[in-house]
Amino acid sequence: MAGQYAGDRTTGFASPAADSIEGPIDLSDILSLRKPSRYPVRVQGLSFVARGVLSGDILIADTAGDPVSGSLVIACAGGQVILAELQNRNGKWFLVSGNDAQQPLHIDPMRDVEIWGNVTGLVRTEV
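Residues numbered from 1 in each chain as written. Predicted model: local features only at pLDDT ≥ 70, side-chain atom pairs only at ≥ 80, totals over all residues. Heavy atoms only, no water.

A. Local environment of the overall build of the protein chain. Per the secondary structure count, the protein chain includes 1 helix and 7 strands. Element order for the protein chain, N to C, with α for helix and β for strand: α-β-β-β-β-β-β-β. The burial tally for the protein chain puts 26% of its 127 residues in the buried class. Long-range pairs, those at least 24 residues apart, make up 46% of the contacts in the protein chain with a sequence separation of at least 6. Element-wise, carbon and sulfur atoms account for 52% of the exposed surface of the protein chain, whose accessible area totals about 9,300 Å². (Helix = DSSP H or I, 4+ residues; strand = E, 2+ residues; numbered from the N terminus. Buried < 20%, exposed > 50% of the residue type's maximum accessible area, 1.4 Å probe, protein only. Contact = heavy atoms within 4.5 Å. Areas by Shrake-Rupley, 256 points an atom, 1.4 Å probe, with all protein chains shown as cover.)

Following this line, the structure appears as structure tokens:
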């Protein structure tokens, strides 16, 4: 039996990292997906590459949070679901595209514009 490996007869020092080994990672728990206000939304397009959002990424939208200027939101404008940066300018709210060619969209109760949820997380399935 000399020269054969037996996993139960390993010699040497115990790994100092053994105390730091974490159990299984539950993304539903980490991203709070069990809350009824949290939803995953897949991104299509490259408008927010500068903010680290790539096509195919999964964003976590929270429909219960308050709007925060400068944050990314999922919104509905003219029946189309969009990803936009929410900005407050002199007390007025605007949806700003990551595409500089599009004008900011003023959020007005008389228009067909609604903020659906704040982006609270991002999951990338491929690197």
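There's plenty left to go through after this.
B. Fine view of the sheet that holds strand 5 (residues 92-96). Overall, antiparallel pairing links the 7 strands, which are arranged 1-2-7-3-4-5-6 in an open sheet. Because the sheet does not close on itself, it has two edges, and the strands there are strand 1 (38-42) and strand 6 (105-106). Taken together, the 5 bridges between strand 4 (residues 80-89) and strand 5 define a ladder with antiparallel strand orientation. Residue pairing for strand 5: leucine 86 is matched across the bridge by leucine 95. (Pairing = 2+ DSSP bridges.)

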